[in-house]
Amino acid sequence: MSVALPTAPPVASAGLDIDLALVQEAAQTIKASVQRTPVLRCHAIEHAALRNDSNSSFKPEFFFKCELFQKTGSFKVRGALNAVAHLPSTVTDVVTHSSGNHAQALAWAARTKGLRAHIVMPRTAPKVKVDAVKGYGGQVYLCEPTVEARWAMAGELVASTGGALVHPSDDYPVMAGQGTVALEFLEQVEEETGGKSLDALIIPVGGGGLLGGMAVAAKALHPHIKIIGAEPSMVDDAFRSKAAGHLCLHPSPSPRSIADGLLTVLGQRTYPIVSSDKVDAIITVSEQEIAQAMRLVYERMKLVIEPSAGVGVAVAMRGDELEAVLGIGCRRVGVVLCGGNLDMDRLDGIWRLARGEDDVMRDREGSERRERNDQDGVDTK
């Protein structure tokens, strides 16, 4: 477990090209097409967090924003809809690369506008997400599971189709759309608590679109709110970027985590926000902690979340790190359950990982190697 606090002056924070007004405009643009997802409490999870750190005086109340109930199963549809709404009327095709959730969201958003969607996905993407993209009318193009391969194929499709590239995160209209989660969340908690505001937000981070958009909106409305990015330790580019004071990439060309929705990296637009004082810290968690957090939510909240959503819950369970960042006086903590698009065939391996019985990442790597060998006609027996 590691916590990255600001170690360098904020980078380009004065020149951010997204603000509260842009997020509020996005909320009006997409209002008729998205769900106002519920906010739930779970005292059992609060008690479990206290047991994890029984000596702490930090006793937070958790509020869970359930974006797993959003159209297409994740928050991503908010940004996709807002981005499509900002395209010139002459555009007929859209292109993106995504491991799954943005892919589904853009395919669905494009269909609502009568556009053709061309979606680059890594060949390791969960089948449930690939099938969903096709179900929404998107054309899927599989590539190697590297950032370079995604970009190369997306560039080829832009050139061949004349389509507009809608980046999964590093795009201001996309970020503004994702920032609407914060507007709803803050309002809903105040309604539930009789006017009391959230003291902190825990937000999963991959490419930084959700974290960046929500941080801009929340800090503008409540300057003293603490914003925490939640990231898998195996793909910790945001943590390392914030600590180093410059943009860092994954050390491996093929990043791996059960949180497949968080395998992307910060970009030129999201990095300045994440590195600024709008994000107070990035906390990283292990693969086992993610799996254990998922199991806790399944058992106690009865919600089907994907591993990326489990990352935020895993951070919420680390009371000692949270207290160091938030302070004892911080009571009401919001956690974004960012999505529920899960390949059910992978659940058994995730539960083994939660129990410490097996390495699900090793299992997946071996399965993918056997799959490639089968395709190449190699006998693996």
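Residues numbered from 1 in each chain as written. Predicted model: local features only at pLDDT ≥ 70, side-chain atom pairs only at ≥ 80, totals over all residues. Heavy atoms only, no water.

- Named according to an unreviewed UniProt entry, the protein chain is Tryptophan synthase beta chain-like PALP domain-containing protein originating from Nannochloropsis salina CCMP1776.
- If you open the UniProt record of the protein chain and go to Sequence similarities (unreviewed entry), you find "Belongs to the serine/threonine dehydratase family."
- UniProt, in the comment section headed Cofactor (unreviewed entry), describes the protein chain in these words: "pyridoxal 5'-phosphate". (UniProt positions renumbered as here; feature names shortened; annotations may be inferred.)

## Some details on helix α1 (residues 20–30)
Residues spaced three or four apart along an α-helix face the same direction, because each turn holds 3.6 residues.
Here is step 1: Of all the residues in α1, the buried ones are Leu 20, Val 23, Ala 26, Ala 27 and Ile 30. Viewed along the axis of α1, the buried residues span an arc of 120°, placing them on a single side of the element.
Here is step 2: On the buried face of α1, the contacting elements are α3 (76–85), α7 (172–193) and α8 (209–221). (Buried < 20%, exposed > 50% of the residue type's maximum accessible area, 1.4 Å probe, protein only. Helix = DSSP H or I, 4+ residues; strand = E, 2+ residues; numbered from the N terminus. Arc of directions from axis to C-beta. Contact = heavy atoms within 4.5 Å.)

## A few points about the side chain of Ser 98
Here is step 1: For Ser 98, the position within the fold is in the loop between β4 (93–97) and α4 (101–112).
Here is step 2: Other than its neighbours up to four places away in sequence, Ser 98 contacts Ala 103, Val 120, Met 121, Pro 122 and Arg 150.

## Focus on the pairing of strand β5 (residues 116–122)
Here is step 1: Extensive coverage of β5 is indicated by the burial of six of its seven residues.
Here is step 2: Relative to β5, β4 runs parallel, the two sharing five bridges. The partner of Val 94 across the bridge, within β5, is Ala 117.
Here is step 3: In terms of handedness, the path from β4 via α4 over to β5 forms a crossover that is right-handed. (Pairing = 2+ DSSP bridges. Right-handed = clockwise from strand over helix to strand, strands pointing away.)

## A short note on the packing of α4 against helix α5 (residues 127–135)
Here is step 1: Two elements in contact, α4 and α5, have axes separated by 8 Å at closest approach and are oriented at 10°. With respect to their mutual orientation, α4 and α5 come out roughly parallel. Across the interface between the two elements, Asn 101, Ala 103, Gln 104, Ala 107 and Arg 111 from α4 touch Lys 129, Ala 132, Val 133 and Gly 135 from α5.
Here is step 2: Its residues placed into classes, the contact of α4 with α5 shows four nonpolar, three polar and two charged. (Axes fitted to C-alpha atoms, helices over the stretch in contact; angles between N-to-C directions. Parallel < 35°, antiparallel > 145°, perpendicular 65-115°, else oblique. Nonpolar A, V, L, I, M, F, W, Y, C, P; charged D, E, K, R; others polar.)

## Side note on the packing of aromatic side chains
Any aromatic ring pair is given by two values, namely how distant the centres are and how the planes are angled relative to each other.
Here is step 1: On inspection of all chains with the given rule, the structure shows two aromatic pairs.
Here is step 2: Between Tyr 298 and Trp 351, the ring centres sit 5.1 Å apart and the planes meet at 80°, which makes this aromatic pair edge-to-face. One end of the pair, Tyr 298, is in helix α11 (residues 287–300); the other, Trp 351, is in helix α14 (residues 347–355), and 53 residues separate them in sequence. Of the two residues, Tyr 298 and Trp 351, both sit in the buried class.
Here is step 3: Just above the ring of Phe 63 sits the side chain of Arg 41; from NZ or CZ to the centre is 4.4 Å. (Phe/Tyr/Trp six-rings, centres within 6.5 Å; stacked < 30°, edge-to-face > 60°. Lys NZ or Arg CZ within 6 Å of the ring centre and 35° of its normal.)

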